[in-house]
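The lines below spell out each chain.
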Amino acid sequence: MLMEKMIEIKDLQVKYGDFIALDNINLDIKKSEFFTLIGPSGCGKTTMLNTLVGFLEPSEGDIIVKGKRVNDIPSERRNIGIVFQSYALFPTMTVEENIGFGLKIEKTPKEAINQRGHELSQIVDLNETQLKRNVSELSGGQQQRVAIARALAKQPEILTMDEPLSNLDAQLRKQLRLELKRIQRELGMTTIYVTHDQEEALILSDRIAVFNKGTIEQVGTPDTVYNDPASEFVCTFIGDATKLTREFAEQHTGKSLEEYNAFYIRPDKISIESDYERELSSREFRATVTEVEFYGTLINYHLNAKGINFVSFEKQNRRKVYDVGNTVVLSINPDDILCY
């Protein structure tokens, strides 16, 4: 069953003077989808978000929400909730006052504001005591929850978030990623999320748009973007990849690759095992361990073979850990070699 389109971006261009920040962007986002815009600094992802919200005016093209062109509609009337990177909360106000601020501006009755605040506090997991505190007394993670609740207070049809976890420590980011996904699923809300963190994008998203230099390189599910990257840029930006020589790629695929210029393989596509001085198959080759990185559940092996520095991820196994200097056997499937 086809999902209803919530947002359509058609032939969009955004310019700052002579500089083209976004060029010919075409994008569809479905209702209730968690959609992530990812790319390096300056790639255009935040410009895309700001244009969708109404903070920036497109030079060309259309933004259509639920079938209606919104280019000329001011941001406050687009019914889009916004969570800023800095949260932009009012430090001298209580949590409750921050959540209800937008409703108060619209002269919503106090009783209705309080009721909405209590409903949202349960959704974002804030308790009664926290509601009465000033936001300046809260931790970064709690402030982020307040920012989300405030963005949801006016019951928007779309929620946008610009790098909302970037100011938090690694452990808290992991915890709040799960909370963000839970809230989004619970509300069934179309969510547009901006990040430069590839792990965040892969974990949270239903689909991802990879931006580069003001254009979109690929749109797809996390599985598609990781396992079938459409370009060399996507391959090297999303996830890790070992760059191979043409000679190695041709040897292991068994065919001429003259039409391609770059060759890669993902670390999780490389199998590693002990070397028993046996005869190797066409998919196997020997390598020397040059570095070992221990990550608890995973061990990251750096290896050298045929002048190429490989990386292989292996699940931790106390009975089989290779040391620097060990000779091991690596195995790859020719179909896993990515050619560009």
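Relevant structure appears above.
This write-up is about the structure you can find in this document. (Residues numbered from 1 in each chain as written. Predicted model: local features only at pLDDT ≥ 70, side-chain atom pairs only at ≥ 80, totals over all residues. Heavy atoms only, no water.)

A few points about unusual backbone geometry
Argument step 1. Non-glycine residue D11 carries a positive phi angle of around 50°.
Argument step 2. A positive phi angle is found at D125, which is not glycine, with a value near 65°.
Argument step 3. Tracing the backbone shows D125 in the loop between α4 (110-123) and α5 (128-131). (Helix = DSSP H or I, 4+ residues; strand = E, 2+ residues; numbered from the N terminus.)

Let's talk about the sheet that holds strand β12 (residues 263-265)
Argument step 1. Strand order across the open sheet formed by 3 strands is β11-β12-β18, with antiparallel pairing between neighbours. Either end of the sheet is taken by a strand with one partner, and the two such strands are β11 (242-244) and β18 (338-339).
Argument step 2. Where β12 and β18 come together, 2 bridges link them in antiparallel fashion. Bridging from a neighbouring strand, Y264 pairs with L338 of β18. (Pairing = 2+ DSSP bridges.)

As for the layout of surface pockets
Argument step 1. Counted as a void, the largest pocket has a volume near 560 Å³.
Argument step 2. For the lining of the largest pocket, the secondary-structure elements that each account for two or more residues are β6 (80-83), α3 (101-105) and α6 (140-152).
Argument step 3. When residues of the lining of the largest pocket are assigned to their parent elements, the largest contribution, 4 residues, is made by α3.
Argument step 4. Looking at the lining of the largest pocket, its residues break down into 13 nonpolar, 4 polar and 4 charged. (1 Å grid on protein atoms, 1.4 Å probe; cavity = no way out; pocket = protein on both sides within 12 Å on 5 of 7 lines; lining within 4 Å. Points joined across faces, edges and corners; volume = space filled by probe spheres on them. Nonpolar A, V, L, I, M, F, W, Y, C, P; charged D, E, K, R; others polar.)

Focus on the pattern of salt bridges
Argument step 1. This structure, assessed with the given rule, holds 18 salt bridges.
Argument step 2. One salt bridge in this structure joins K10 and E8, with 3.9 Å as the shortest N-O distance.
Argument step 3. On the accessibility criterion, E8 (17% relative accessible area) is buried.
Argument step 4. One salt bridge connects K132 with E96, and the closest N-O pair in it is separated by 2.9 Å. One end of the pair, K132, is in the loop between α5 and α6; the other, E96, is in helix α2 (residues 95-99), and 36 residues separate them in sequence.
Argument step 5. Taking relative accessible area as the criterion, E96 reaches 15% and is therefore assigned buried.
Argument step 6. Beyond isolated ion pairs, a larger network of salt bridges with shared partners links K5, E8, K10 and D28. (Salt bridge = Lys/Arg side-chain N within 4 Å of Asp/Glu carboxyl O. Buried < 20%, exposed > 50% of the residue type's maximum accessible area, 1.4 Å probe, protein only.)

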